[in-house]
Amino acid sequence: MTPATRDRQARAVAAIARACGFAQPVAPLILRRVPDVDKLLRSDDATLRRVLGDPGLRAPLRAGLVGGFRHAWKQATLERMRLDHQAWLRAWWLPVVTSAELDRLRRTPAPRADHRRVGVLRAAYPVTAGAIEIQVDTGHRSELAGYLLAERRTAVAVLDLAAEVAREDDLEPSGPPFGSDTLDDPPHGVDHREYPHVAWWHGG
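Residues numbered from 1 in each chain as written. Predicted model: local features only at pLDDT ≥ 70, side-chain atom pairs only at ≥ 80, totals over all residues. Heavy atoms only, no water.

**Overview of helix 1 (residues 3–19)**
One turn of an α-helix holds 3.6 residues; hence residues three or four places apart share an orientation. Helix length check: helix 1, at 17 residues, gives a terminal C-alpha distance of 24 Å against a target of 24 Å (1.5 Å per residue), a fit within 8%. R6, D7, R8, Q9, A10, A12, V13, I16 and A17 are the residues of helix 1 that are buried. Looking at the buried residues of helix 1, the elements they touch are helix 2 (27–31), helix 3 (35–41), helix 4 (45–53), helix 5 (55–82), helix 7 (99–106) and helix 9 (152–169). Note on helix 1: the residue one or two positions beyond its end, G21, has a positive phi of about 80 degrees. (Helix = DSSP H or I, 4+ residues; strand = E, 2+ residues; numbered from the N terminus. Expected span 1.5 Å × (residues − 1). Buried < 20%, exposed > 50% of the residue type's maximum accessible area, 1.4 Å probe, protein only. Contact = heavy atoms within 4.5 Å.)

Shown next as C-alpha cells:
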C-alpha cells in the first residue's frame, strides 16, 4: 500500500467512526478490521461521502458496525497477547494512522532512560493514544489534562515503527525535530513534581 492510499484510508476510517457515532479513542483501530468498513473503503470518495451524509444509508451501516466492532475488539485484545508490539502495531495501528500523525511521530524525540512513563497528547497523536490504550492494561495508564499517561515501552515501539515506515516509504520529516528539552515540560497547570520521570509528547 502506498503512503497516499494508506493516508486516504486512515482519514476515511476516522470519518466513518465520527459519522456513525463511535466516539471511543480506539474506534478507528477497531473499525478498520470490520468487513463492512473494508468494503466501504474500496468505494470512491463520492460514494463514501454519499453514504456518510445520508441518514437513511448511515443508520444501517452503523447498526452493522456495532456487532463487527465487538468482534474486532476481541480480536485486537487476543492478538495483543499473542503478538509482539511491532507486529501488533503493524496490523492494527499502521493502517489507521494518518500521514500527518506519522510525520509528527518522526519529529518526536524518544524518551530518555530516566523517563518511566510517556504522556501522549491525544489531540496531536489520536491513533497512537488509541493503540497505547489497547496495549496497556487499565492499571498501568491514566488520563491527565488531555494526555494519556502510560508505560514507556509501547510509546517507544510506536516511535521505532514510525521511523521504520519512513525508511520503507523513503520519507523525510516535514520539519525539524521537536525540541528534546520540551519532553520534561508538563501540560499547563500540572506540577512536574507530582509526575516525575514522565516524557511529555506535546506534538510540537
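**A short note on the environment of S43**
Of note, S43 is situated in the loop between helix 3 and helix 4. S43 sits 41 residues away from T2 along the chain, and the two C-alpha atoms are 17 Å apart. If sequence neighbours within four positions are ignored, S43 has contacts with R8 and L48. Among the polar contacts listed, one links the side chain of S43 to the backbone oxygen of L40, at a separation of 2.4 Å. (Polar contact = N/O pair within 3.5 Å; in protein donor to acceptor, adjacent residues only side chain to side chain.)

**What about the side chain of D103?**
Along the chain, D103 turns up in helix 7. Overall, the relative accessible area of 10% leaves D103 in the buried class. Those residues in contact with D103 that lie beyond four places of it in its chain are E172, P173 and S174.

**Some details on the packing of helix 1 against helix 4**
Packing of helix 1 against helix 4 leaves a shortest axis separation of 10 Å and a crossing angle of 10 degrees. Taken together, the axes of helix 1 and helix 4 are roughly parallel relative to one another. Between helix 1 and helix 4 the crossing geometry is left-handed. Facing helix 1, whose interface residues are R8, A12, A15, I16 and A19, helix 4 presents D45, L48 and L52. Its residues assigned to classes, the contact of helix 1 with helix 4 comprises six nonpolar, no polar and two charged. (Axes fitted to C-alpha atoms, helices over the stretch in contact; angles between N-to-C directions. Parallel < 35°, antiparallel > 145°, perpendicular 65-115°, else oblique. Left-handed = near helix turned anticlockwise from the far one by under 90°. Nonpolar A, V, L, I, M, F, W, Y, C, P; charged D, E, K, R; others polar.)

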